[in-house]
Each structure stands twice: as structure tokens, then as C-alpha cells.
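# Observations on the model geometry
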Amino acid sequence: MLRAVSFVSSLGFRLTALPSVRGRPLSSAQDVLRRTPLYDFHLAHGGKMVAFAGWSLPVQYQESHIDSHLHTRRHCSLFDVSHMLQTKIFGCDRVKLMESLVVGDIAELRPNQGTLSLFTNEAGGILDDLIVTNTSEGHLYVVSNAGCWDKDLTLMQDKVKELQKKSCDVDLQVVDNALLALQGPTAVQVLQTGVSDDLRKLPFMTSAVMEVFGVSGCRVTRCGYTGEDGVEISVPAAEAVHLATALLKNPEVKLAGLAARDSLRLEAGLCLYGNDIDEHTTPVEGSLSWTLGKRRRSAMDFPGAKVILPQLKGELQRKRVGLICEGAPMRAHSPILSPEGTVIGTVTSGCPSPCLKKNMAMGYVPSKFSKPGTQLLVEIRRKQQMAVVSKMPFVPTNYYTLK
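Residues numbered from 1 in each chain as written. Predicted model: local features only at pLDDT ≥ 70, side-chain atom pairs only at ≥ 80, totals over all residues. Heavy atoms only, no water.

### Describing the side chain of Arg 265
With respect to the element layout, Arg 265 can be found in helix H8 (residues 258–267). Accessibility expressed as a relative area gives 3% for Arg 265, which makes it buried. In this structure the side chain of Arg 265 is engaged in a polar contact, spanning 3.2 Å, whose partner is the side chain of Asp 262. At 2.8 Å, the side chain of Arg 265 forms a polar contact with the backbone oxygen of Leu 270. (Helix = DSSP H or I, 4+ residues; strand = E, 2+ residues; numbered from the N terminus. Buried < 20%, exposed > 50% of the residue type's maximum accessible area, 1.4 Å probe, protein only. Polar contact = N/O pair within 3.5 Å; in protein donor to acceptor, adjacent residues only side chain to side chain.)

In C-alpha cells:
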């Protein structure tokens, strides 16, 4: 437990005793944590609950964080990500609405294809990262971060009202489903036993609505935030426990919590909003230039384009890089120094890599220090130690693409 608390503290989670209130979700304004439909299920399976983004979520279960992380890499794990904001955008002008807020080319998405994109402001800062799917049912399905729930929802709702006043055909609906992520090399093999659809025809970043282990109306998306093959399943809240129970009957599947999810996404070189990217970071500084749609670049018609696009050719004052070091692990806010000892940047996320058995981190440095192989220093507990700029992902990703 002490080990768990130590790791939890390093990630900014808080172990919490919760009031005896059931149901979903409760007002965070009253300092009551929201609960997913799987809250009691987590407790029954030994989940150690913590406060995260206003929700009570399991940081780990009875197995150690390291064991859970490695199980995901070798087999598959089930994560409860029901705290994420799920919305549907309807109407003939749904693409117009979304492209007025994000940097990606939503119009080019094929039916049931999705993409990672970014909400940006006029200063070029990232308001949130999100996944947008162009469903074959005639709406956009959007998943964004729980920590930005109110901000994202207000942003989209305000734009809906603005466009409706201009007689545009657009509307928004919050989806009150649970969201389960099954991640790992055997995830799809496990899921295939409970669906009639051929999952070999569902490549990375595509989705389909199907019956899953007897639960109809589930949206299965081939994606996740671990770097592994896997799916996210949007399931009616009332059926979430049934689905989780059915998946856990397969010995390949174990439950995993926030601790494993964080170290897995860091090995995959994926950002945590609020740590690695925020409103003061542009997509180019965040090494996310690939999210800028080619058509959108030419048209310069996304929020912050006049700030963001010139950065593609200029030298940056700060750029997100990967770092590897031995010795004490790097943590968020650790100073990054030049070889001469001058502070040049800051670590934004860091922890030991269970797979590499080395310490990994992300942080920001001037672009002239961003080349892989560049030797730098990091300050940890007032002591300096060597660090090397590394390519990301730190561990190769295993996303499924059609040959």
C-alpha cells in the first residue's frame, strides 16, 4: 500500500475516503467525487480508489502497478475510462462546427473513421486533445478528457448556439454511456469471442456499432492510450458491469487502473493534458504538428492558425522531447539543464519504464537541444544527473493496420 501511495503521489492522484453516496455523476462543486457505473464493481475487485479529475477511480487493484503494466504489454487489461466526456454532434453542419474548433481535417474522414485532434484557441494554445469519429449513423462521435469536461462542453455548446443563430443545422448530445478500454496484444482475440463482427476488418482508429457479449448498441473503436492494440467500448451504463464481468471471465484479462495507464501512455510517448500540453502550448511546440490537416494548413482556417503555422518553419523556444536517464527517476517539474548547467526547460511527466528498466520522461527544451542523442542534465532532489534526448515512443507501438 505504501508503494501504491508513493506512486500515486508522484502522479498527482489522491487516495480518498468517499461518502456513502451511490449513483452517477455527482456535483464536484459540492466536493463530492463523481462515480462511474463501475464504482461498486471496482471496490468488489479490490480497487484502490483515488481522486482524479473530479472522479473516484481505481489507481490499481491487488496486483502491483508494475505487474499490471507488464500484463497489459503481454496479454490484455481492462480499464474503466467512463470519466471521459462522450458527445454526439448532429446535423448537416456538424463538420462545419467541429472544424471551427479543431485543427484536423474532419471533412476527409471516411464513414466510421476517427482521428486524434486538438481544440485550440486564437493564441494557438491547446485547449484539449480529443478523438473525433465520423460515424456511418450520420453524426460525429467525440471523446475528450474528463479534466476538461466543463470547458469542452461549454466550448461546443456555445459554438452550437452561435451556428444555430446563423440558421445552421447542428445540435449536440452528451452520451451517458460507460466507456471501457480493453488493451493489449490479446485484447481483440478476447473480444472476438463475444461479437459476431469480424474484428480483422476493424483497423486502428475505426469504429462500428455492434452487440458485445449480448449487449446491443455498443460502439467499438479500435484505439486506446497504451500504445497497444485494443478497443474502447462505449456501452449503455446499465450494462457496464455485465460487460466487464463477461470480459473478466477470460483468463487473459485483468483489471488495471490509473497507475498502469499512466506509465503505459508515457512509454508510448502520449501526452497527458494538463501536464504535457495545455493552453500555453501550441501543437508545434507539443510535437503534435501531424494533427494539423493539410487542407486546414492551406486554408489557415482553424483557431490559432496565424500563430501555429509560422512555427512549422521557425526555431522554437520550447519543444516537447523524450528523455532517458539512469539513477533517480525524473518527475514532473524537475529542471532540465544544458551540459553547462544552465536551466533550459522542465520535465512535464516522468516515471521508471517497467519495460525498459530505465527512467523515462517528457519535457520541454529549446529546439536546438531537441535532437535525439543530445546529452543534457536533469536536477533531481537538488542533484544533477545525465539525461539523453530520446525518440518517442520509448517502447514500439502495436497498433493494428490493414495490410
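Still more ground to cover, so stick around.
### Overview of the packing of aromatic side chains
The final tally for this structure, using the stated rule, is 2 aromatic pairs. Ring centres of Trp 55 and Trp 149 lie 6.1 Å apart, and the angle between their planes is 45 degrees; this geometry places the pair in the tilted category. You can see Trp 55 sitting in strand S4 (residues 55–60) and its partner Trp 149 sitting in helix H5 (residues 149–165), a full 94 residues away along the chain. Considered together, Trp 55 and Trp 149 belong to a single accessibility category, that of buried residues. Summarising the aromatic geometry, the rings of Phe 204 and Tyr 399 are spaced 4.2 Å apart at their centres and angled 15 degrees between planes, so their arrangement reads as stacked. (Phe/Tyr/Trp six-rings, centres within 6.5 Å; stacked < 30°, edge-to-face > 60°.)

### Section: H5
For H5, built from 17 residues, the straight-helix expectation of 24 Å at 1.5 Å per residue is met to within 8% by its first-to-last C-alpha distance of 24 Å. The set of residues buried in H5 consists of Trp 149, Asp 152, Leu 153, Met 156, Lys 159, Val 160 and Leu 163. Taken down its axis, H5 places every buried residue within 135 degrees of arc, on the same side. Facing away from the buried side of H5, by more than 90 degrees, are the exposed residues Asp 150, Lys 161 and Lys 165. Ser 167 lies just past H5 and shows a positive phi near 65 degrees. (Expected span 1.5 Å × (residues − 1). Arc of directions from axis to C-beta.)

### Remarks on the side chain of Arg 261
In this structure, Arg 261 sits in helix H8. It is Glu 232 that comes nearest to the buried, bridge-free Arg 261 among opposite-charge side chains, at 4.9 Å. Apart from residues lying up to four places away in sequence, Arg 261 is in contact with Phe 79, Val 81 and Tyr 225. (Lys, Arg positive; Asp, Glu negative; His and termini not counted. Salt bridge = Lys/Arg side-chain N within 4 Å of Asp/Glu carboxyl O. Contact = heavy atoms within 4.5 Å.)

### Quick look at the sheet that holds strand S6 (residues 85–90)
Spatially, S7-S8-S9-S6-S10 is the arrangement adopted by the 5 strands of the open sheet, whose pairing is antiparallel. A strand with exactly one partner marks an edge of an open sheet, and here the two such strands are strand S7 (113–120) and strand S10 (171–174). Along the sheet, successive strands turn relative to each other by an average axial angle of 25 degrees, direction set aside. One ladder, built from 4 bridges, connects S6 with S10; its direction is antiparallel. Paired with Thr 87 across the strands is Val 174, a residue of S10. (Pairing = 2+ DSSP bridges. Axes fitted to C-alpha atoms, helices over the stretch in contact; angles between N-to-C directions.)

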